[in-house]
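# Working through the structure, step by step
Chain by chain, the residues run as shown.
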Amino acid sequence: MDQQRLKEKVAEAAFECVAAEHSDKLLLGIGTGTTAECFIRLLPQLKSRIEATVASSERSASLLSELGLPVVDLNSVGPLDVYIDGADEANSQLHLIKGGGAALTREKIVAAASKQFICIADVSKRVAVLGAFPLPVEVIPMARSHVARELHALGGQPVWREGVITDNQNLILDVHGMAIEDALEMEARINQITGVVCNGLFAARPADILLLGAPSGIERVLPPSQ
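Presented here is an overview of the structure given in this document.

Moving on to helix α6 (residues 183-191). Those residues of α6 that fall on the buried side of the exposure criterion are Ala183, Met186, Glu187 and Ile190. The buried residues of α6 occupy an angular sector of 105° when the element is viewed end-on, so they sit on one face. Taken together, the buried residues of α6 touch α4 (104-112), β7 (135-139), α5 (144-153), β10 (196-199) and β11 (201-202).

One open sheet holds the six strands; their spatial order is β2-β1-β3-β6-β12-β13, and the pairing between them is mixed. Both outer strands of the open sheet, β2 (50-55) and β13 (217-221), are each paired with one neighbouring strand and no more. This sheet shows a mean twist of 20° between the axes of neighbouring strands, independent of strand direction. Helix α1 (residues 3-21) rests against β1 (26-30), β3 (80-85), β6 (114-122), β12 (209-214) and β13 of the sheet, and its axis sits at about 155° to β6.

With that settled, the discussion passes to the environment of Leu94. Take Leu94: it is sitting in the loop between β4 (89-90) and β5 (96-97). Residue Leu94 is classed as buried on the basis of its relative accessible area, which comes to 0%. Residues Leu94 and Ala20 lie 74 residues apart in sequence; the distance between their C-alpha atoms is 22 Å. Apart from the residues within four sequence positions on either side, Leu94 is in contact with Phe202, Pro206, Ala207, Asp208, Ile209, Leu210, Val221, Leu222 and Pro223.

Reading the values: the criteria
Residues numbered from 1 in each chain as written. Predicted model: local features only at pLDDT ≥ 70, side-chain atom pairs only at ≥ 80, totals over all residues. Heavy atoms only, no water. Buried < 20%, exposed > 50% of the residue type's maximum accessible area, 1.4 Å probe, protein only. Helix = DSSP H or I, 4+ residues; strand = E, 2+ residues; numbered from the N terminus. Arc of directions from axis to C-beta. Contact = heavy atoms within 4.5 Å. Pairing = 2+ DSSP bridges. Axes fitted to C-alpha atoms, helices over the stretch in contact; angles between N-to-C directions.

Quick look at the structure:
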């Protein structure tokens, strides 16, 4: 089974989960990326139950609108019932690295505003230690070099993702070479660097459920305490 089919299967599993566990009118947070888009394409089947959606990127908002689904600003609703999004890496604590699509700040905002966060990914995204995937950091443009020096001091190798401007009109630094043993601490340390808008570690607000698509089927992973 190829990777695209795995993404479709795990999106189907998330759709079934949302449809079964949320019976009332739904306020949905919708993520960004190819796996999230597989989920978005299933949503017209739930159209009669969807009160509104909040998208974490302009791309996702456009796709939702094209499918005839209501898209609203987060300031007009909340809290959201459930947020569905993918990940670039996930560990056993359901801490994530996100931001490969440069939407990390809005993704983190929508996740924080949601009662439940369902993360969907193919099984290749599960890792023992976060950091093999370069950690995205969104930065204010004038602070790019300053933030890069501070990230280097933390042991990383920051690389400017040239040509990429976020939906917030900021820049992305991708931090290579960091084995992130304590994601919660590293998330806080990076966010304290002046000029950082947000970083792609989702540890303070991890996923509540991780659905992993594998050739053998869908694996449902809960945090260790559960």
